[in-house]
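Descriptive structure summary
As a plain string of letters, each chain reads:
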Amino acid sequence: MFGKFETSALRGKQKGIGTGLFAGLCASALMGARVGAAVVSKEDLSLAQENDRLRREGRILKEEREILKKATQFFAGLKQ
């Protein structure tokens, strides 16, 4: 019943759920699907959601840092 959902979620292709294997396992747990013989606990689910949030935040911060580096280089070239 959840076979297609589980495989696509395990590959991190479900939008809005997160990326990676653990997020896929959590998405399957939300749907009530079993992964192997265990169901992901609520505590593990909340930790996975927090990890996804922190990874997104880290990605955004890296992008902002790169933009600031380029802006600094640009404006440093104008001071000549």
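Presented here is a report on the structure given in the accompanying data block. Bear in mind the structure is a predicted one, so any value in this text is a computation, not a measurement. Along every chain, residues carry numbers that run from 1 in the direction the sequence is written. Confidence filtering applies because this is a predicted model: local features only for residues at pLDDT of at least 70, side-chain atom pairs given and counted only at 80 or more, and all residues used for totals across whole chains, interfaces and linings. Excluded from the side-chain calculation are hydrogens and water; included are all heavy atoms of the structure.

1. Let's talk about the overall build of the protein
- When you go through the protein residue by residue, the secondary structure sums to three helices and zero strands.
- The helix and strand labels rest on DSSP assignments: H or I over at least four residues marks a helix, E over at least two residues marks a strand, and numbering proceeds from the N terminus. Helices and strands in the protein line up, N terminus first, as α-α-α.
- The buried share of the protein, taken over its 80 residues, is 21%.
- Sequence-distant contacts, at least 24 apart, represent 26% of the contacts inside the protein between residues at least 6 apart.
- For accessible areas, the Shrake-Rupley method is used with a probe of radius 1.4 Å. Any residue's cover is judged against the shown protein chains and nothing else. Working note: accessible area of the protein is about 6500 Å², and carbon and sulfur atoms make up 58% of it. Only protein chains enter the accessibility calculation, which uses a 1.4 Å probe; a residue whose area is less than 20% of its type maximum is buried, one above 50% is exposed, and one in between is partly exposed. Contacts are residue-level and defined by heavy atoms, with any inter-residue pair within 4.5 Å sufficient.

2. Some details on the pattern of salt bridges
- A side-chain nitrogen of Lys or Arg and a carboxyl oxygen of Asp or Glu constitute a salt bridge if their distance falls within 4 Å. Per the stated rule, a full pass over the model turns up three salt bridges.
- For glutamate 57, the salt bridge is made with arginine 53, and the minimal N-O distance between the two is 3.3 Å. Taken as a pair, glutamate 57 and arginine 53 lie in helix H3 (residues 42-78) at a separation of four residues, close to a single helical turn.
- Linking lysine 69 and glutamate 66 is a salt bridge whose minimum nitrogen-to-oxygen distance equals 3.5 Å. Taken together, the residues span about one helical turn, with lysine 69 and glutamate 66 both in helix H3 at a distance of three residues.
- Residue lysine 69 is classed as partly exposed on the basis of its relative accessible area, which comes to 44%.
- According to the relative accessible area criterion, glutamate 66 is partly exposed, its value standing at 35%.

3. A few points about H3
- For a helix, the expected span equals 1.5 Å multiplied by the number of residues minus one. Taking 1.5 Å per residue, 37 residues should reach 54 Å; H3 reaches 54 Å between its end C-alpha atoms and fits that length.
- Of the positions making up H3, those classed as buried are Leu45, Ala48 and Asp52.

4. Describing the packing of aromatic side chains
- Stacked, tilted and edge-to-face are the three classes assigned to paired rings of Phe, Tyr and Trp, where Trp is represented by its six-membered ring and a pair needs centres within 6.5 Å; plane angles under 30 degrees give stacked, over 60 edge-to-face, the rest tilted. Under the definition given, this model contains one aromatic pair.
- Between phenylalanine 74 and phenylalanine 75, the aromatic rings sit 5.2 Å apart at their centres with planes inclined by 80 degrees, giving edge-to-face as the arrangement.

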